[in-house]
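Here are the chains, one letter per residue:
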Amino acid sequence: MGLFGKRDDMIVHGTEPYNAEPPRCGLLNARTENASFYSRNHGSVPHVDPAAWRLTVDGLVERELVLSLRDLREQFPQRTLVATLQCAGNRRSGLLAVRDIPGEDPWDAGATSTAEWTGVALADVLETAGIQTSATDVAFEAPDLAPLAQPPQPYGSSIDVAKATRREVLLAWAMNGEPLAPIHGAPVRVVVPGYIGARSVKWIDRITAQAEPSDNYFQAVAYRLPAAAAHPDGAGVALTSVALTSAILAPASHSTVPAGLSTITGYALAGDGHSVARVEVSQDGGHTWGQADLDPQASPWSWQHWRTTVELPPGPVTVTARAWDSTGATQPESARQIWNPKGYANNSWDRIELTVVP
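Note that residues are indexed from 1 along each chain, following the sequence as it is written. For a predicted model such as this one, the threshold for reporting local features is a pLDDT of at least 70, and the threshold for listing and counting side-chain atom pairs is 80 or more; totals across whole chains, interfaces and linings nevertheless cover every residue. With hydrogens and water set aside, each side-chain value is computed from the structure's full complement of heavy atoms.

A word on the packing of aromatic side chains
Here is step 1 of the chain: Geometry of aromatic contacts follows a simple scheme: Phe, Tyr and Trp rings, the Trp one being its six-membered ring, pair when their centres are within 6.5 Å, and the pair is stacked under 30 degrees between planes, edge-to-face over 60, tilted otherwise. Considering all chains together, one arrives at nine aromatic pairs under this definition.
Here is step 2 of the chain: A network of ring pairs unites the aromatic residues Phe37, Tyr38, Trp107 and Trp117 as a single cluster.
Here is step 3 of the chain: Against the face of Trp339 rests Arg99, its NZ or CZ located 3.9 Å from the ring centre.
Here is step 4 of the chain: For Arg278, the ring lying beneath its charged end belongs to Trp324, and the centroid distance is 4.3 Å. Ring-over charges, as used throughout, are those where CZ of Arg or NZ of Lys falls within 6 Å of the ring centre and within 35 degrees of the ring normal.

Quick notes on the sheet that holds strand β22 (residues 315–325)
Here is step 1 of the chain: Pairing between strands is defined by DSSP: at least two bridges between them are needed. Going along the chain from the N terminus, every DSSP run of H or I of four or more residues is numbered as a helix, and every run of E of two or more is numbered as a strand. Pairing is mixed across the open sheet formed by five strands, whose spatial order is β16-β23-β22-β18-β19. Two strands in the sheet have a free side with no partner beyond their single neighbour: β16 (255–258) and β19 (290–291).
Here is step 2 of the chain: Note: β22 against strand β23 (residues 350–357), seven bridges, orientation antiparallel. Within β23, the position partnered with Ala321 by the bridge is Asp350.

Quick word on the sheet that holds strand β21 (residues 304–312)
Hydrogen bonding along the main chain pairs the strands of a sheet, whether they run parallel or antiparallel.
Here is step 1 of the chain: An order of β15-β17-β21-β20 is seen for the four strands of this open sheet, with the pairing classed as antiparallel. Edge strands, defined here as strands with exactly one partner in the open sheet, are β15 (245–250) and β20 (293–294).
Here is step 2 of the chain: Where β20 lies against β21, two bridges are found, and the strand directions are antiparallel. The residue of β21 that forms the bridge with Asp293 is Arg307.

Topic: the environment of Trp303
Here is step 1 of the chain: Within the secondary structure, Trp303 is located in the loop between β20 and β21.
Here is step 2 of the chain: It is 9.4 Å that separates the C-alpha atoms of Trp303 and Arg31, two residues lying 272 residues apart in sequence.
Here is step 3 of the chain: Excluding residues that lie within four positions of it along the chain, Trp303 makes contacts with Leu27, Asn29, Ala30, Thr32, Thr84, Thr112, Ser113, Thr114, Tyr267, Ala268, Leu269 and Gln297.
Here is step 4 of the chain: Engagement of the side chain of Trp303 in a polar contact is seen with the backbone oxygen of Ala30, the distance being 2.8 Å.
Here is step 5 of the chain: For this analysis, a polar contact is any N or O atom pair within 3.5 Å, provided that within protein one partner can donate a hydrogen and the other can accept it, and provided that sequence-adjacent residues contribute only side-chain to side-chain pairs. Within the structure, Trp303 has its side chain in polar contact with the side chain of Thr114 (distance 3.2 Å). In what follows, residue pairs with any heavy atoms lying within 4.5 Å of each other are defined as contacts.

Here's the deal with the pairing of β16
Here is step 1 of the chain: In this scheme, a residue with accessible area under 20% of its type's maximum is buried, one over 50% is exposed, and one in between is partly exposed, where area comes from a 1.4 Å probe on protein chains only. Of the two faces of β16, the one lined by Ser255 and Val257 is fully buried and the one lined by Thr256 and Pro258 carries no buried residue.
Here is step 2 of the chain: Inspection of the sheet shows β16 paired to β23 by four bridges, in the parallel sense. Bridge pairing links Ser255 to Leu354 in β23.

A closer look at helix α3 (residues 122–129)
Here is step 1 of the chain: Counting buried residues in α3 gives six out of eight residues, a clear majority hidden from the surface.
Here is step 2 of the chain: Within the sequence span of α3, burial applies to Leu122, Ala123, Asp124, Val125, Leu126 and Ala129.
Here is step 3 of the chain: The first or second residue beyond α3 is Gly130, which carries a positive phi of 75 degrees.

Some words on the state of the cysteines
Here is step 1 of the chain: The rule for a disulfide is simple: a pair of cysteine sulfur atoms within 2.5 Å. Tallying each qualifying case throughout the model produces zero disulfides.
Here is step 2 of the chain: Cysteine Cys25 remains unbridged, with the sulfur of Cys87 as its closest cysteine sulfur at 20 Å.
Here is step 3 of the chain: Overall, Cys25 belongs to the partly exposed group, its relative accessible area being 44%.
Here is step 4 of the chain: For Cys87, a relative accessible area of 6% puts it in the buried group.

Concerning the side chain of Arg92
Here is step 1 of the chain: Among the secondary structure elements, Arg92 is positioned in helix α2 (residues 92–96).
Here is step 2 of the chain: Arg92 sits in the buried class, given a relative accessible area of 3%.
Here is step 3 of the chain: At 2.8 Å, the side chain of Arg92 and the backbone oxygen of Asp105 are in polar contact.
Here is step 4 of the chain: Setting aside its immediate chain neighbours within four residues, Arg92 contacts Ile101, Glu104, Asp105, Trp107, Lys342, Gly343 and Tyr344.

So, the environment of Val201
Here is step 1 of the chain: Relative to the helices and strands, Val201 resides in the loop between β11 (189–191) and β12 (206–210).
Here is step 2 of the chain: On the accessibility criterion, Val201 (1% relative accessible area) is buried.
Here is step 3 of the chain: When the C-alpha positions of Val201 and Pro17 are compared, they lie 15 Å apart, and in sequence the two are 184 residues distant.
Here is step 4 of the chain: The residues touching Val201, leaving out its near neighbours within four places in the chain, are Phe140, Ala142, Tyr155, Ser157, Arg189 and Val190.

A word on the pairing of β21
Here is step 1 of the chain: Note: strand β17 (residues 260–269) against β21, nine bridges, orientation antiparallel. From the neighbouring strand, Ala268 faces β21, where its bridge partner is Gln304.

The following block contains the structure:
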């Protein structure tokens, strides 16, 4: 095993803070093994004693709560949910091929993973605290110090009350049936299905109901699409729901495969409240398309794997995939259309190049 118990072939973009993704072949299972699950951090991984950990719930609530891990387990109904998390920088490498994005990690398609999460509904905790009608947002704070922020500050984020009070949002202490590891937010993390991973705050120790979004650097400055590419320092739009996307997992790009029938597999994921309607695959660079078979969805909040068999002729072949969601929307054709100076939300058609031999 590699660093933090991860697989040896993780693609490591940095060790301090630790940021890594699995190779695409590490995502072929419906649920991602903990050793393969991607990791995105903004500071050193804190090691919090579960027995000493406390969660404060304050702000615009009728009663402030201070909860231990035992309190969470015993005072609220336990929930288990399969959900996919995806970094806003997933597939940034495709945007980097268009134009450089200084200071940003070149994530491939592995900055997304799926797990079974166990915990309690954030909505139940907020109900017990008596969230007031004047609250519009629920902010999360954690102890990990992020030097990227100026000045350096603990990581934080927020989601609106409408999302926070939906029962899929969890305060989770287990992942795939195992207690959370420190790298994944132990002892407790937030899981916000359908939203970018930046909103699923790890090592959570404070929840605040308030009348405005969090002013934390990672809500107010980072994880925003600039109002215009020419003005990257503008306020822009805070990223929430993940963008409809799909990616090819096998065969690997730039690999050599024999001519004839070949199986192409991948994943597809729709944003908050939407589902994948179909996935199409082209073996001629997008001139003609065939429909792939979709695996059943484990939950409304998880990706779907897909597969199709195509006849590959000898020579260089470009295989392309695109998805459609339940609203009829599809992915943009080119990363050039959606390039932005932070490299977020690349959901353009995914392509792999193959050398096909007789």
